[in-house]
Amino acid sequence: MYQNREPKEFAKEIRIRVLEALKNLGFGHIGGAMSAADVLAVLYGKAMNIEPANPGWEDRDYFVMSKGHAGPALYATLALSGYFPVDELKTINTNGTRLPSHCDRNKTPGVDMSTGALGQGMSTAIGIAHGNKMLKKDSYTYLLIGDGECDEGQIWEGALYAPQHKLSNLIAFVDYNKQQLDGYTKDILDLGDLSKKFIEFGWYTIEVDGHDTDAIYGAIQLAKAQNEKPGMIILNTEKGKGCTFAEGILYNHHMTFTKEQCEEAIESLKKGDQ
Amino acid sequence: MNYKIDNSHAAEKLAMRDAYAETMTELVKENPRIVYLEADLMNSIGMVKFAEEFPDNTINCGIQEANMIGTAAGMSAVGMIPFTHTFGCFATRRALDQIFLSGAYAKTNIRMLGSDPGVTAAFNGGTHMPFEDIGLLRGIPGITIIEPTDSVMLRDMVKQTAKMEGIFYIRLSRKNAIKVFEDGSTFDIGKAVSIKKGTDVTLIASGICVDESMKAAEILQEQNVNAAVLNVFTIKPIDREAIAAAAKNTGAVVTVENHNIHNGLGSAVAEVLAETTPVPMARVGIQDEFGEVGSVDYLKERFGLTAENIAKNALEVIGRK
């Protein structure tokens, strides 16, 4: 069933829970978790047909976090959606946890696919979508890839495959925050006009502000309304968005931080400064 | 396991690929969730007729091995039963990370056929001649590596793995194998098959090397050496009990493989022997070299995969007892 959460508030709560979960560890993949919070809030708050009490429900919509290092953002989203207790978030990356750095479908309730080696979620999401199409199911598969991840050849293998097989039940997002681990994407491997590239590959492509939850939801509905092509929604985002000590910083992919920095960032989010 | 040995050394009437296509046709009629994924080698593996007859169960992915394995993994996550095919060199070298993560780590279910192993790549030459495919996969936890001996075993393996969960690598020559088992024989994955009993040395082989080992045993018999022949067709998980028992019974072992001696059957057997039953052993196989162009018979000579070389190694090993 579709959830009924206000995405803007949900996104703020996801960011806060990520920071609370990571503050004792003092390190983590902050940048990409923050830039992805809004799309996760739209998906799990409103757009996806899911049953958090029954994560294995066969007719559900699926989500593949191909940029698997954003696991903590997905875990906060899943916990807040009721897949497992919110309190468990504090175990992220601690010994024996069910919440590892990168997504693991055999460990975490609600995680639909294991990811972490970049590019692979593209193909597994395609397989889920294609399999469900062959089984004549109505479900949608949602996929989030990173912009740095688009350096991988496997992304472009999948980019050819999905339109060829008319996988209109696949809706993908690129978290286009313009940064990767070692710097700006334009300096390392310039992706150029991503929208144009995906249009040329045969995707129904829309570009939106990736922090505007209404725009993201609207783009999903447009992608669903056409029945021919896989959907590609390019999310123009900022890496570290909403986190006072990460936003606007060049090397914010994986960071170390203090408890105080986290608490300040949480306060700022609560006050609505961000 | 219920099998009978055919000692005629005759080539099978049906090519391995045709036996595969026939078996897949039987299976898909029983279960529409079977799906065959291919990386543009449908003609090579003889699946064109299958594709025409079952278009809804066939996906030609194009020349993209990594995406094919990932797609198969995703399909299995929603209950489909994928079989993939490409040449063994590409099946492993080009998709190793996908086999590891989207496959084994994610605990999805894929049956991967890698064709033209080792010298059977023949005229495609060194670039296409996988002497390393088993070695690449052996380090992946939980994976099952099978090298069918002939079409009778291949049929049984395809049928069995369709009903099993996990990641399977089935390494097969596309051409006509030498018949080793009588029709209708069945096997247990993970259990070695005793081809011939013996007292002086055990020849442990898989794939095309089984028949050569049987011939080697005949050569040795002429010299009053009684060699046992053990077909270890499951390289992982390996049958530790059968290998230890064979070493105990005969006191000497020769492994024979169409693969680099590093990290293939010979290495796996050596590990078992070292840990359980240390006896003199030798590894017949590719001595850490790349392949080259040539006929299968030429390449078998070139790399020592012949009955004569196996017999020579057996005598040498017996001398070290």
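Residues numbered from 1 in each chain as written. Chains lettered and ligands numbered in written order. Predicted model: local features only at pLDDT ≥ 70, side-chain atom pairs only at ≥ 80, totals over all residues.

**A word on the overall build of chain B**
Right, so step 1: Of the regular secondary structure elements, chain B holds 12 helices and 12 strands.
Right, so step 2: Burial statistics for chain B: of 321 residues in total, 57% are counted as buried.
Right, so step 3: Nonlocal contacts in chain B, meaning residues at least 24 apart in sequence, comprise 80% of its contacts between residues at least 6 apart. (Helix = DSSP H or I, 4+ residues; strand = E, 2+ residues; numbered from the N terminus. Buried ≥ 20, exposed ≤ 12 C-beta atoms within 10 Å, placed from the backbone. Contact = placed C-beta atoms within 7 Å.)

**A few points about the overall build of chain A**
Right, so step 1: Along chain A, the regular secondary structure elements total 10 helices and nine strands.
Right, so step 2: By principal-axis analysis of the C-alpha atoms, chain A measures approximately 50 × 45 × 35 Å.
Right, so step 3: Burial status across chain A gives 55% buried among its 274 residues.
Right, so step 4: The long-range fraction of contacts in chain A, counting pairs at least 24 apart against all pairs at least 6 apart in sequence, stands at 76%.

**Details of the domain arrangement of chain B**
Residue and element names in this part refer to chain B.
Right, so step 1: Taken domain by domain, chain B comprises domain 1 (16–172) and domain 2 (193–319).
Right, so step 2: If you look at the interface, domain 1 gives 24 residues, while domain 2 gives 28 residues.
Right, so step 3: At the level of secondary structure, the elements contributing two or more residues to the side of domain 1 that touches domain 2 comprise α6 (133–138) and β5 (144–146).
Right, so step 4: Residues of the side of domain 1 that touches domain 2, tallied by class, amount to 13 nonpolar, seven polar and four charged. (Domains from an automatic or database assignment. Nonpolar A, V, L, I, M, F, W, Y, C, P; charged D, E, K, R; others polar.)

**Structural notes on the nonpolar core**
Right, so step 1: In terms of nonpolar packing, the biggest core is built from 193 residues, with Ile14(A), Leu40(A), Ala73(A), Leu143(A), Leu203(B), Val254(B) and Ala314(B) touching the most fellow members.
Right, so step 2: Of the residues that make up this core, three or more belong to each of domain 1 (16–172) and domain 2 (193–319) of chain B.
Right, so step 3: Those residues in contact with Leu203(B) that sit more than four places away from it in its chain are Ser213(B), Ala216(B), Ala217(B), Ala227(B), Ala228(B), Val229(B), Val254(B), Val256(B), Ile310(B) and Ala314(B). (Core = buried A, V, L, I, M, F, W, Y, C linked by C-beta atoms within 7 Å.)

**Description of the packing of helix α1 (residues 7–22) of chain A against helix α3 (residues 37–47) of chain A**
All names here are of chain A.
Right, so step 1: It is at 8 Å that the axes of α1 and α3 come closest, and there the two elements cross at 120°. Taken together, the axes of α1 and α3 lie oblique to each other. By crossing handedness, the relation of α1 to α3 is classed as right-handed. Between α1 and α3, the residues in contact are Pro7, Phe10, Ala11, Ile14 and Arg15 and Ala37, Asp38, Leu40, Ala41, Val42, Gly45 and Lys46, respectively.
Right, so step 2: In terms of residue class, the contact of α1 with α3 is made up of eight nonpolar, one polar and three charged. (Axes fitted to C-alpha atoms, helices over the stretch in contact; angles between N-to-C directions. Parallel < 35°, antiparallel > 145°, perpendicular 65-115°, else oblique. Left-handed = near helix turned anticlockwise from the far one by under 90°.)

**Topic: the sheet that holds strand β2 (residues 58–60) of chain B**
All names here are of chain B.
Right, so step 1: Taken in spatial order, the seven strands line up as β2-β1-β3-β4-β6-β5-β10 in an open sheet, and their pairing is mixed. Because the sheet does not close on itself, it has two edges, and the strands there are β2 and β10 (234–236). Taking each pair of neighbouring strands and ignoring which way they run, the sheet shows an average axis angle of 20°.
Right, so step 2: When strand β1 (residues 34–38) meets strand β3 (residues 81–87), the two strands line up parallel, connected through five bridges. Each residue of the ladder has a partner; that of Ile34, found in β3, is Ile81.
Right, so step 3: Of the strands in this sheet, β1, β3, β4 (110–115), β5 and β6 (167–172) touch helix α7 (residues 151–162), which is tilted by about 165° from β6. (Pairing = 2+ DSSP bridges.)

**Observations regarding the sheet that holds strand β3 (residues 141–146) of chain A**
All names here are of chain A.
Right, so step 1: Reading across the sheet, the five strands line up as β2-β3-β4-β8-β7 and stay open at both edges, with parallel pairing between neighbours. At either end of the open sheet lies a strand with only one pairing partner, and these are β2 (62–65) and β7 (204–209). With strand direction ignored, the average angle separating the axes of adjacent strands in the sheet is 20°.
Right, so step 2: Contacting β4 (170–176), β7 and β8 (231–236), helix α9 (residues 213–225) runs over the sheet at an angle of about 170° to β7.

**Thoughts on the environment of Ala247(B)**
Residues and elements named next belong to chain B.
Right, so step 1: Inspection of the secondary structure puts Ala247 in helix α9 (residues 240–250).
Right, so step 2: Once the C-alpha coordinates of Ala247 and Pro130 are considered, the two residues, 117 residues apart in sequence, prove to be 29 Å apart.
Right, so step 3: With sequence-adjacent residues up to four places away left out, Ala247 is seen in contact with Thr202, Val253, Leu273, Thr277 and Val279.

**Here's the deal with the interface of chain B and chain A**
Right, so step 1: Taken together, the contact pairs 24 residues of chain B with 23 residues of chain A.
Right, so step 2: Broken down by class, the residue content of the side of chain B that touches chain A amounts to 12 nonpolar, nine polar and three charged.

**Some thoughts on the pairing of strand β8 (residues 201–205) of chain B**
Residues and elements named next belong to chain B.
Right, so step 1: Most of β8 is tucked away, with five of its five residues classed as buried.
Right, so step 2: Of the two faces of β8, the one lined by Val201, Leu203 and Ala205 and the one lined by Thr202 and Ile204 are each fully buried.
Right, so step 3: The sheet contact formed by β8 and strand β9 (residues 227–231) spans five bridges and is parallel. If you follow Ile204 over to β9, its bridge partner there is Leu230.
Right, so step 4: In the classification by handedness, the crossover that spans β8, the intervening helix α8 (residues 209–222) and the parallel β9 is right-handed.
Right, so step 5: Sheet topology note: the β8/strand β11 (residues 253–260) ladder contains four bridges and is parallel. Residue Ile204 lies in a different strand from β11, and its bridge partner there is Thr255. (Right-handed = clockwise from strand over helix to strand, strands pointing away.)

**Some details on helix α10 (residues 265–276) of chain B**
All names here are of chain B.
Right, so step 1: In this model α10 runs 16 Å from its N-terminal to its C-terminal C-alpha over 12 residues, within 8% of the 16 Å that 1.5 Å per residue would give.
Right, so step 2: Turning to α10, its buried residues are Leu265, Gly266, Ser267, Ala268, Val269, Val272 and Leu273.
Right, so step 3: On the buried face of α10, the contacting elements are β8, β10, α9, β11 and β12 (281–286). (Expected span 1.5 Å × (residues − 1).)

**What about the confidence of the model for chain B?**
Right, so step 1: Of all residues in chain B, 100% have pLDDT values of 70 or greater, and the mean over the chain is 98.
Right, so step 2: The ipTM value of the predicted complex is 0.96, and its pTM value is 0.97. (pLDDT = per-residue confidence, 0-100.)

**Some points on helix α1 (residues 16–30) of chain B**
Right, so step 1: For α1(B), which comprises 15 residues, the first-to-last C-alpha distance of 21 Å matches the rise-based estimate of 21 Å (1.5 Å per residue) to within 8%.
Right, so step 2: Looking at the packing, one finds that the buried side of α1(B) touches β1, α2 (48–53), β3, α7 and β6 of chain B.

**Let's talk about the pairing of β8(A)**
Residues and elements named next belong to chain A.
Right, so step 1: Burial within β8 is extensive, with five of its six residues counted as buried.
Right, so step 2: Examined bridge by bridge, β7 and β8 share six bridges and lie parallel to one another. The partner of Tyr204 across the bridge, within β8, is Gly231.
Right, so step 3: With respect to chirality, the unit in which β7 leads through α9 into the neighbouring parallel β8 is right-handed.

**Side note on the environment of Asn132(A)**
Right, so step 1: Here Asn132(A) lies in helix α5 (residues 120–134).
Right, so step 2: By C-beta crowding, Asn132(A) is classed as buried, having 27 other C-beta atoms within 10 Å.
Right, so step 3: Sequence spacing of Asn132(A) and Gly56(A) is 76 residues, and the spatial spacing of their C-alpha atoms is 14 Å.
Right, so step 4: With residues up to four places along the chain from it excluded, the contact list for Asn132(A) reads Lys137(A), Ser139(A), Thr141(A), Asn169(A) and Val78(B).

**Structural notes on the packing of α3(A) against helix α4 (residues 71–81) of chain A**
Between two packed helices, the angle of one axis relative to the other and the distance separating the axes together describe the packing.
Residues and elements named next belong to chain A.
Right, so step 1: Where α3 contacts α4, the two axes come as close as 10 Å, and the packing angle between them is 30°. On the basis of their axis angle, the class for α3 and α4 is roughly parallel. Between α3 and α4 lies a crossing of right-handed hand. Here Ala37, Leu40 and Tyr44 of α3 lie close against α4, whose contacting residues are Ala73, Leu74, Thr77 and Ser81.
Right, so step 2: Partitioned by chemical class, the residues of the contact of α3 with α4 number five nonpolar, two polar and no charged.

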